[in-house]
Amino acid sequence: MNHKQRYRRLRLLISRLNKERKTQAKKIDILCNDLIAAHRDFIKKFDTLSFKAGFYESIVGITSLNNLFDTVCEFIEDEIPNVSSALFLRKAQGFELHISQSHQPITLKKQRLEDCFTAELVDSICKSNKSCTLDDMFAMGLQANPTMLSKISVRTIPLGKLASPLGFLLLYRSSEKKLTPDKLKNISAITPGLSREIEFCQELCRSAG
């Protein structure tokens, strides 16, 4: 084998080694990214579980809807700073509104946002059984100044089951800090337990009456 042939074989070998090295590097990058993503997902799930455990521990022994909602508000405000919240519950006629003692409602030209909700709108939101945006609520009949509402970010979170909706949580804050699904993830995670506790408090109230 002459010098040129040896040189050609050496170049071919080096080329193959470089390709294999690049392939291995890509595989390692993919594996590392997968591990990082899995670790991030684990942290998020652990955070949600921790939030749920803390909430369920805090509502043990509560028998009043007002006390229950005050506790809910504390957790919501810890999770989402500068948010205002209200609880709408369906009734045979109309609805029941609960506002926490520390509630600082955003006003729309001397009118609270909660005052814009009619029985028909509350019923439509409940029946939708989904997290509603302002656009959803306008489509359902919300009557309010769109220009004023553009200054706030609003979402609802359903309570109860698909076949028997109990009501919903109304959350809102300045549009500069938009409420996103990621921000609402932990709040949505406690709604099954919150719904059961609401039903329990309602049953106690009926029994006492």
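Residues numbered from 1 in each chain as written. Predicted model: local features only at pLDDT ≥ 70, side-chain atom pairs only at ≥ 80, totals over all residues. Heavy atoms only, no water.

### Description of the nonpolar core
Counting 27 residues, the largest nonpolar core has Leu-68, Val-72, Leu-169, Leu-171, Ile-187, Leu-194 and Ile-198 as its most contacted members. Put simply, the parts of the chain that give this core at least two residues each are α1 (3–58), α2 (65–79), β1 (84–90), β3 (152–160), β4 (165–174), α6 (181–189) and α7 (191–208). The biggest single contributor to this core is α2, with 7 residues. For Val-72, the contacting residues outside a window of four places in its chain are Phe-55, Leu-169 and Leu-194. In this structure, Ala-86, Leu-113, Leu-121 and Leu-134 belong to the second largest nonpolar core, which totals 19 residues. (Core = buried A, V, L, I, M, F, W, Y, C linked by side-chain atoms within 4.5 Å. Buried < 20%, exposed > 50% of the residue type's maximum accessible area, 1.4 Å probe, protein only. Helix = DSSP H or I, 4+ residues; strand = E, 2+ residues; numbered from the N terminus. Contact = heavy atoms within 4.5 Å.)

### Here's the deal with the packing of aromatic side chains
Here the distance between the centres and the angle between the planes together describe a pair of aromatic rings. In total, this model carries 6 aromatic pairs according to the counting rule given. Look at Phe-55 and Tyr-56: their rings are 5.7 Å apart centre to centre, the planes differ by 55°, and that puts the pair in the tilted class. Between Phe-88 and Phe-117, the aromatic rings sit 4.9 Å apart at their centres with planes inclined by 35°, giving tilted as the arrangement. Taken together, the residues span a long stretch of sequence, with Phe-88 in strand β1 and Phe-117 in the loop between β2 (95–99) and α3 (119–128) at a distance of 29 residues. Comparing Phe-88 with Phe-117, the two get one shared label, buried. Grouped by ring-pair contacts, the aromatic residues Phe-88, Phe-95, Phe-117 and Phe-168 constitute a single cluster. (Phe/Tyr/Trp six-rings, centres within 6.5 Å; stacked < 30°, edge-to-face > 60°.)

### What to know about unusual backbone geometry
Positive phi is not limited to glycine here, since Asn-82 has a value of about 60°. Its place among the elements puts Asn-82 in the loop between α2 and β1. Taking the relative accessible area as the measure of exposure, Asn-82 reaches 59% and is therefore exposed. Its identity is not glycine, yet Asn-129 carries a phi of approximately 50°, on the positive side. Take Asn-129: it is sitting in the loop between α3 and α4 (134–139).

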